[in-house]
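Summary of structural features
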Amino acid sequence: MTSIIRTEYAACEVLKQQNTSFNSGGCAVDFDKSLCWASARLGQQMTRDCPFKYCTSIPGCEDIKDKYMVSRNCNNMGVWQDSNYSMCIKVVEDYAQCLQGFCRVCPEFLRDLVISVSLTLSIVSVILLVAAIILFSVFDSIQCRRLSIHKNLATAFVFRFAVLAIWTIVQSTNLFQDCTRFHPQPLWELEWICKAILWFVIYFQVASVMWMLIEGAFLYSRFTVFAMRHSDAPWSLYLACGWGVPFVVVTAWTIVHQYKSSQLTNSFCWVPYAQGNHLWILAGTMGSALIMNLIFLLMIVVILVQKLRTENSAESKKIWRTIKATLLLVPLLGISNIPLFYEPEHPSSVYMLGSAILQHSQGIFIAVLYCFLNSEIQGALKRQLSKVPFEFFKTRNRFETERTYVPENRNATKNGVPMEELNGTKKIEGEANESQEQVNGDKQIYSVTKKT
């Protein structure tokens, strides 16, 4: 039963209760399995709009709703005749583009804009993060624990945005719906694929937040007494927190949500999945991680301010350096996601668009700020490029000593430079016999050329 039919049925129940004293001088309130018909007089013809949702924003569809309607007659016996839906059938046949049905939805600028922005930013984030992971991995000279955490965070975001883009495409194209009917029906045989995609969407979202928490904890430890320790926590502990904890959390949510969904009728692919008290299994884990990162950030700011006070610099410069350092840590620690945990009951267009931009551009900020603008990465890249020969693009400084033979016929010489020209002097040729004697007297001339 669609939402329109459910609304009509509920309206009929209300009207029947209000018209309990209806006499037999006409037709009583009646529900014909699609529309609710109010009471009518004998011989009266009633009309109602077709039970469709019209897309009036599409050009040419503005007047369809008022032109094609359902009619029903109350005969002289006080009995309703069958409803005439022939005009509605004609609308389905000739003006299907004006209706929301067959998996089609009415155009909505804000919804389409949010989907386009989310999908575009997700694809750009994946491309930049993959490039960042490659740069993080190819230079052995800069490998360290901090860079390994960066790589895992970038990997979590790559899978998060990639799977989220797949989920967005699947939902917008109705891949798991049978669109041959006016009211689409779910393809139950493909539900397990839909659930698998949704599970990975949630898992990598939690994993990316956990790696942001690891970034915050590790960064704070570098500013405190823990940085003086020679030994660090084993890498397996980082992996367990970054990838293992999200698996346990999402699995616990899956078990509870599967049990809740099985009690609902026509619940397909765990939708709606962002409802119920058990949602706090996910929201509580991510919210706690982000709040801890906020605490880490504030403590780091305090340490930075105390350190800057000991330096001999202007107060304005100290403040600016502190603000700059703080802003650079916001995308890395995911602080910008905290306001998104509160979603208003009726979100505005600003909230929806801002939420899409903040969530899907975080990977871009991380790739640019912590890889492409990283001085270590830039230095390693320059050193690597300096080892690559670019002889085609630059002039070679080569010094050679060449022995040039000057034959008897000087006019035929193409290679070699006479010593007179190298010394800046040039003798005027005399008579032919004097030149011949000079050549016979000194057949070989050595010249040294310097090619630059």
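What you are looking at is a predicted structure, and each value in this text was computed from that prediction instead of being measured.

A few words now on helix H10 (residues 349-360). In an α-helix, one turn spans 3.6 residues, which is why side chains three or four residues apart end up on the same side. The terminal C-alpha atoms of H10 lie 17 Å apart, and with 12 residues this matches the ideal 16 Å at 1.5 Å per residue to within 8%. Considering only its buried residues, H10 is in contact with helix H4 (109-138), helix H5 (145-173) and helix H11 (362-372).

The next thing to look at is the nonpolar core. Ranked by internal contacts, the top residues of the largest apolar core, which has 59 residues, are Trp211 and Leu282. Of all the secondary-structure elements, those providing two or more residues to this core are H4, H5, helix H6 (191-223), helix H7 (235-262), helix H8 (280-309), H11 and helix H12 (375-386). Aside from chain neighbours lying at most four places away, what touches Leu282 is Ile202, Val206, Val249, Val250 and Trp253.

A few words on the packing of H4 against H10. Close contact between H4 and H10 brings their axes to 9 Å; oriented N to C, the two are set at 10°. Here H10 runs roughly parallel to H4, going by the angle between their axes. Contacts between H4 and H10 involve Leu110, Leu113, Val114, Val117, Ser118, Leu121, Ser122 and Ser125 on the former and, on the latter, Ser349, Met352, Leu353, Ala356, Ile357 and His360. Here the contact of H4 with H10 is built from residues that sort into 9 nonpolar, 5 polar and no charged.

Let's shift gears to the UniProt feature "transmembrane region" (unreviewed entry) in the chain. In this numbering, the UniProt entry assigns the feature "transmembrane region" (unreviewed entry) to residues 113-136, 157-176, 196-214, 235-259, 279-305, 325-342 and 348-373. Regarding residues 157-176, the helix share stands at 85% and the strand share at 0%, and the terminal C-alpha atoms are separated by 26 Å. This span, residues 196-214, is 100% helix and 0% strand, and a straight line between its end C-alpha atoms measures 27 Å.

What follows covers the environment of Val79. Within the fold, Val79 resides in the loop between strand E6 (69-73) and helix H3 (86-94). Classification of Val79 by relative accessible area gives partly exposed; the value is 44%. In this structure, the C-alpha to C-alpha distance between Val79 and Leu42, residues 37 residues apart in sequence, is 8.5 Å. Discounting chain neighbours no more than four positions away, the residues touching Val79 are Cys27, Asn73 and Cys74.

Another aspect to go through is the pattern of salt bridges. What the rule picks out here adds up to 7 salt bridges. The partner of Asp112 in a salt bridge is Arg111, with the nearest N and O atoms 3.4 Å apart. For Asp112, a relative accessible area of 34% corresponds to the partly exposed category. Between Glu376 and Arg146 there is a salt bridge; the shortest N-O distance is 2.5 Å. You can see Glu376 sitting in helix H12 and its partner Arg146 sitting in helix H5, a full 230 residues away along the chain. Given a relative accessible area of 34%, Glu376 falls into the partly exposed group. Here the salt bridges share partners, and the residues they tie into one network are Glu108, Arg111 and Asp112.

Looking now at the side chain of Ser125. Topologically, Ser125 is positioned in helix H4. Overall, the relative accessible area of 0% leaves Ser125 in the buried class. Those residues in contact with Ser125 that sit more than four places away from it in its chain are Phe161, His360, Ser361, Gly363 and Ile364.

Turning our eyes to something else, we now look at the environment of Met212. Within the fold, Met212 resides in helix H6. By relative accessible area, which is 0% here, Met212 ends up buried.

What follows covers the state of the cysteines. Evaluation of the coordinates by the stated rule reveals 7 disulfides. Between the sulfur of Cys50 and that of Cys88 lies a disulfide, 2.0 Å long from S to S. Measuring the twist about the S-S bond at about -95°, one finds the Cys50-Cys88 disulfide to be left-handed. One end of the pair, Cys50, is in the loop between strand E5 (45-49) and helix H2 (64-67); the other, Cys88, is in helix H3, with 38 residues separating them in the sequence. With a relative accessible area of 2%, Cys88 lands in the buried category.

Here the focus is H6. End to end, H6 covers 49 Å across 33 residues, agreeing with the expected 48 Å (1.5 Å per residue, within 8%). Within H6, 24 of the 33 residues are buried, which leaves the element mostly enclosed by the surrounding structure.

For the rest of this paragraph, the subject is the packing of aromatic side chains. Enumeration over the complete set of coordinates arrives at 17 aromatic pairs. Look at Tyr68 and Tyr95: their rings are 5.6 Å apart centre to centre, the planes differ by 45°, and that puts the pair in the tilted class. Taken as a pair, Tyr68 in the loop between H2 and E6 and Tyr95 in the loop between H3 and H4 lie far apart in primary sequence, 27 residues in all. Overall, Tyr95 belongs to the partly exposed group, its relative accessible area being 25%. An angle of 10° between the planes, with centres 5.3 Å apart, marks the rings of Trp199 and Tyr203 as stacked.

It is worth spelling out a nonpolar patch on the surface at this point. Taken together, the side chains of Val130, Ile134 and Val138 make up a nonpolar region of the molecular surface, amounting to roughly 240 Å² of accessible area. Among the secondary structure elements, Val138 is positioned in helix H4.

Once that is clear, we can look at the packing of H4 against H5. Viewed as axis vectors pointing N to C, H4 and H5 meet at an angle of 150°, and their least axial separation amounts to 8 Å. It follows from the interaxial angle that H4 and H5 lie roughly antiparallel. Between H4 and H5 lies a crossing of left-handed hand. Contacts between H4 and H5 involve Ile115, Leu119, Ser122, Ser125, Val126, Leu129, Val130, Ile133, Phe136 and Ser137 from the former and Leu147, His150, Lys151, Ala154, Thr155, Phe157, Val158, Phe161, Ala162, Ala165, Thr168 and Ile169 from the latter.

About the criteria used
Residues numbered from 1 in each chain as written. Predicted model: local features only at pLDDT ≥ 70, side-chain atom pairs only at ≥ 80, totals over all residues. Heavy atoms only, no water. Helix = DSSP H or I, 4+ residues; strand = E, 2+ residues; numbered from the N terminus. Expected span 1.5 Å × (residues − 1). Contact = heavy atoms within 4.5 Å. Core = buried A, V, L, I, M, F, W, Y, C linked by side-chain atoms within 4.5 Å. Buried < 20%, exposed > 50% of the residue type's maximum accessible area, 1.4 Å probe, protein only. Axes fitted to C-alpha atoms, helices over the stretch in contact; angles between N-to-C directions. Parallel < 35°, antiparallel > 145°, perpendicular 65-115°, else oblique. Nonpolar A, V, L, I, M, F, W, Y, C, P; charged D, E, K, R; others polar. UniProt positions renumbered as here; feature names shortened; annotations may be inferred. Salt bridge = Lys/Arg side-chain N within 4 Å of Asp/Glu carboxyl O. Disulfide = S-S within 2.5 Å. Phe/Tyr/Trp six-rings, centres within 6.5 Å; stacked < 30°, edge-to-face > 60°. Patch = residues over 30% accessible without salt bridge, like charges linked within 9 Å, V, L, I, M, F, W, Y side chains within 5 Å. Areas by Shrake-Rupley, 256 points an atom, 1.4 Å probe, with all protein chains shown as cover. Left-handed = near helix turned anticlockwise from the far one by under 90°.

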